[in-house]
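Understanding the architecture of this molecule
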Amino acid sequence: MTIPTYMGLQTALSGLEAAQAAIDTTGQNIANASTPGYSRQQVNLTERSPLTIPALSSYTGQGSQLGAGVDITSITRIRDTFLDSQYRSQNSQTSADNTNAQILGQAQASLNEPTSSGLSSVLDTFFQGFNTYSTASNQDGSTQTIIGDGQAVADSLNTLSGQITTLQSQVTQQYDTLTDPTSGAVASDANSIAQLNVQIAQAQSAGLNANDLEDQRDNAIDDLSQYSNVYVSTQSNGMVNVSFGNAASAAQNGTTDATPLVDGGTVNLSQNLSDSNLSGSSGTLGSLLGLYDSTTGTGTLSNYLTTLNGVANQLVTTVNGAISSADSQGATAPAFFDPSGTTAATIAVNPSLSSTSTPYTAAEASAVNALSGGSAEQTYQAFVTQVGGDVQSAQNSQSTSQSLLTAIGNQRQSVSGVSLDEEMTNLIQFQQAYQASARVESTINDTFTSLLSMVSG
Amino acid sequence: MIGRITNQMAAQTTLSGIESALDRLDTTQQELSTGKQINQPSDNPSGTALTLQLNNDLANLSSYNSNVTDGTGWTQAQTGALSDVTNAVQRIQELVTEAANGTQSQADMSASADEVNQLIDEIKQDANTQYNGQYVFSGSATTTAPYQSGSSDSYAGNTNAVTREIGPNTSLTVSANLSGVLGTGQTVAGQPAGDGLLLNTLRNISDDMQSGNSSALGSTDLTNLSSGLNSLLGLSATVGSTTDRLQMASSRIASLQNSASDSLSNTQDADMAQTEINFSTQQAALTAALQAGASIVQESLMNFLGSTSG
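Residues numbered from 1 in each chain as written. Chains lettered and ligands numbered in written order. Predicted model: local features only at pLDDT ≥ 70, side-chain atom pairs only at ≥ 80, totals over all residues. Heavy atoms only, no water.

Let us look at the overall build of chain A. Helix and strand counts for chain A come out as 14 helices and eight strands. What you see for chain A is a C-alpha radius of gyration of 38 Å, clearly larger than the 23 Å of a compact globule of 457 residues, by over 25%. Over its C-alpha atoms, taken along the principal directions, chain A stretches across nearly 140 × 45 × 35 Å. The buried share among the 457 residues of chain A stands at 45%. Surface exposure of chain A reaches about 20600 Å², of which carbon and sulfur atoms provide 51%. Computing the positive centroid from 8 side-chain charges and the negative centroid from 35, chain A places the two 24 Å apart. (Helix = DSSP H or I, 4+ residues; strand = E, 2+ residues; numbered from the N terminus. Rg over C-alpha atoms; globule rule 2.2 N^0.38 Å. Buried < 20%, exposed > 50% of the residue type's maximum accessible area, 1.4 Å probe, protein only. Areas by Shrake-Rupley, 256 points an atom, 1.4 Å probe, with all protein chains shown as cover. Lys, Arg positive; Asp, Glu negative; His and termini not counted. Charge placed at Lys NZ, Arg CZ, Asp CG, Glu CD.)

Put into structure tokens, the structure is as follows:
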């Protein structure tokens, strides 16, 4: 048996094609070196089925297999799905910590402690005013001072209460914006994932690897994971189902999710964007609900407001109580704080005070001064400590989870990211392979040319 | 650990290194510019609570301190007035002693009676002494003058105490009961009967001098006068001990203020030397991160391939 004449040309051609595909893929990798979510791609090569030539040896009569070149079997992306799920779970945690640290930081900033304009200092000044009143000769002037100081206390509490209420509505607004079924970020991510699912399934049914579409889909799932927990399960047709919120945690533990957020090409928003599915979950949405849940009116910020209302109530009760119990003459001294306003938002100085020239006796004023450092101030100091502790722990978790996210992100980059040095090395290797295959072509060509010239000659 | 290092990783690592170096610098810079290590409660929650508590203590101490200053003003005014009253009474004692030996003429006695009446007015003037616009011998009726000049010796004040808070649950009486020594004079003008206190005695002395009753002057008047003088000296001693207590309170408050300020400074103030050193170290770290980043991110295989690949 003889070897087919042009087989060598075909073998060299397959080498040229493989090298060209490899160079093109290297080009694609370099072009996307900075594209977020891009996974580097590689050309998978195998040897072509060899040509079996029976009885190649005329001496022994034994046959042999002659190599027929190289085959490009596929172009695949290099990605570790285990790292993906780790990254997404850490991404949820980091977003939750960021949200907590940001909102609680704002609550802390509104306290304005420890400064000379914080409520604590304002209260100190307020009680000092009563001391001055109790020793002053001209109590008309001191009356204006205690009324002014009292108004400063009321204003501070009113402002604090207002700022926390504003934070609550900001939290609700942020939550509503993210979960809006038409324009919300969750809906937009879910819709992208569903559309990509359909396109990927089409490509796969045609026997193609939809590398770039899968990258885009993974990117959308990464983005979705900042809002709450996600759990991804891959279907045989290449589509993925994405569970969301508490349903994702349950799915991770083996419970079947009947209505995943993304179910192949369809999206189930209403079942997944409920308070019950998101409350207590990770991510921005879970964190926002933990800070303030507008449906139940609960959350960390509501607790803050309750404590502040307690401070206001204690102030009104103790100051008015001290005045009336020191009221020895039986004359009914007017209440200092309006008894009807016992919350931080409604506390106010008794409006009828300003028309009275010397409303209190020295004994009454000194009874109020004796409240300095009392229960209201202690409650407020404990409150400041609590807020400070909350912010500190939120910031600590934030920095821990941020570095964990960076570490996992780096591991993912280590697997999937493009290294330009590596691509340059590959480029040289593939270029030389191409040149070598070309040289084989021209050598075979030369061989035939000399043979033909001998025949024609 | 990590096998492959990609360009994005190198850039990310460089960036996060620079960011965290800047973040630390920012915190240190805030400490340096405010001079405090607690700038918001989260910097040190328990330290913040202590800061607020100490500020409250300092505010209370400052109230006590101003009360002590005010009380000291009262007792100083009282001491001055009481010493004037004592001088006047002693002068009257001399006049009575002279008149009682029976050698003076009626004209001399009348002149002494006039002087006694003037001295009574002076005593009542002294009793009307004010400190910071408040009558210091009027009980708690500090806006009412205790005595009127002239023949009426009625007392217009009350006997309630005026107190000043000089410590937690510690109040000190700063009013002095001068009316308990002076009394309200004669019940009916020209009649010796009355409460038997100093003004009553002085009026009797004046009347006895006017009428030349030297025997009464030498006996009951002189006895009553010296018992009045004794109560006056007793009152001065009480005021003196109040002044002592105020002085002790003042030095106690000053030392408490010192220790509270020290604790406050220890809690919230930054250790400037340490912070400066931290700042320099962190600045050096930032510079190093920037330099390393600038050279690592720039280098790649391309720098060395030259035209071979082109």
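This part covers the side chain of Arg 40 of chain A. With respect to the element layout, Arg 40 of chain A can be found in the loop between α1 (7-31) and β1 (41-47). Note on Arg 40 of chain A: relative accessible area 13%, which makes it buried. For Arg 40 of chain A, the side chain forms a polar contact with the main-chain oxygen of Val 415 of chain A, separated by 2.9 Å. Polar contacts involving the side chain of Arg 40 of chain A include one to the side chain of Glu 422 of chain A, which spans 3.4 Å. Contact partners of Arg 40 of chain A, with chain neighbours within four places excluded, come to Asn 29, Thr 76, Arg 77, Ile 78, Val 415, Ser 416, Gly 417, Val 418 and Glu 422 of chain A together with Arg 4 of chain B. (Polar contact = N/O pair within 3.5 Å; in protein donor to acceptor, adjacent residues only side chain to side chain. Contact = heavy atoms within 4.5 Å.)

With that settled, the discussion passes to the interface of chain A and chain B. Across the contact, 41 residues belong to chain A and 40 residues belong to chain B. Summing both partners gives a buried area of about 3400 Å² for chain A against chain B, and 50% of it is carried by carbon and sulfur. At the boundary of chain A and chain B, one finds one salt bridge. In this structure, the salt-bridge partner of Glu 422 of chain A is Arg 4 of chain B, at a minimum N-O distance of 2.9 Å. Our enumeration of links across chain A and chain B arrives at 17 residue pairs in polar contact (both at pLDDT 80 or more). (Buried area = accessible area lost by both parts, 1.4 Å probe. Salt bridge = Lys/Arg side-chain N within 4 Å of Asp/Glu carboxyl O.)

It is worth spelling out the packing of aromatic side chains at this point. Residue and element names in this part refer to chain A. Per the stated rule, a full pass over the model turns up 11 aromatic pairs over all chains. Both rings, one in Tyr 6 and one in Phe 448, keep their centres 5.6 Å apart while their planes meet at 55 degrees; by these two values the pair is tilted. Of this pair, Tyr 6 sits in the segment before α1 while Phe 448 sits in helix α14 (residues 420-456), and the two are 442 residues apart along the sequence. Measuring from ring centre to ring centre gives 5.0 Å for Phe 336 and Phe 337, while their planes differ by 85 degrees; the resulting arrangement is edge-to-face. Overall, Phe 336 belongs to the buried group, its relative accessible area being 0%. (Phe/Tyr/Trp six-rings, centres within 6.5 Å; stacked < 30°, edge-to-face > 60°.)

It is worth spelling out the sheet that holds strand β7 (residues 262-263) of chain A at this point. Residues and elements named next belong to chain A. Strand order in the open sheet made by the four strands is β5-β6-β7-β8, with antiparallel pairing throughout. Of all the strands in the sheet, just β5 (230-234) and β8 (266-267) have a single pairing partner and so form its edges. As judged from the five bridges shared by β5 and strand β6 (residues 240-244), these two strands associate in the antiparallel manner. Within the sheet, the bridge partner assigned to Val 232 lies in β6 and is Val 242. (Pairing = 2+ DSSP bridges.)

Domain assignment breaks chain A into domain 1 (7-78 + 419-456), domain 2 (93-177 + 299-399) and domain 3 (180-272). Taking only C-alpha atoms, the centre of domain 2 of chain A and the centre of domain 3 of chain A are 50 Å apart. (Domains from an automatic or database assignment.)

Another point: unusual backbone geometry. The linkage connecting Glu 113 of chain A with the following residue, Pro 114 of chain A, adopts the cis geometry, with an omega of -10 degrees. Note that Pro 114 of chain A resides in the loop between α2 (81-111) and α3 (119-135). Of note in this structure, Asn 112 of chain A is not a glycine but carries a positive phi near 60 degrees. A positive phi angle is found at Asn 169 of chain B, which is not glycine, with a value near 55 degrees.

Residues and elements named next belong to chain B. With 22 residues, helix α3 (residues 106-127) extends 31 Å between its outermost C-alpha atoms, agreeing within 8% with the 32 Å of an ideal straight helix rising 1.5 Å per residue. Three or more residues of α3 are buried, namely Met 109, Ser 112, Ala 113, Val 116, Leu 119, Ile 120, Ile 123, Lys 124, Asp 126 and Ala 127. End-on, the buried residues of α3 take up no more than an arc of 150 degrees, which puts them together on one face. Among the exposed residues of α3, those oriented more than 90 degrees off its buried face are Ala 107, Gln 118 and Gln 125. (Expected span 1.5 Å × (residues − 1). Arc of directions from axis to C-beta.)

All names here are of chain A. Scanning the entire structure with this criterion turns up 19 salt bridges over all chains. Residue Asp 218 pairs with Arg 88 through a salt bridge whose shortest N-O separation is 3.1 Å. In this pair, Asp 218 is assigned in helix α6 (residues 211-225) and Arg 88 in helix α2, connecting sequence segments 130 residues apart. For Arg 88, a relative accessible area of 5% translates into the label buried.

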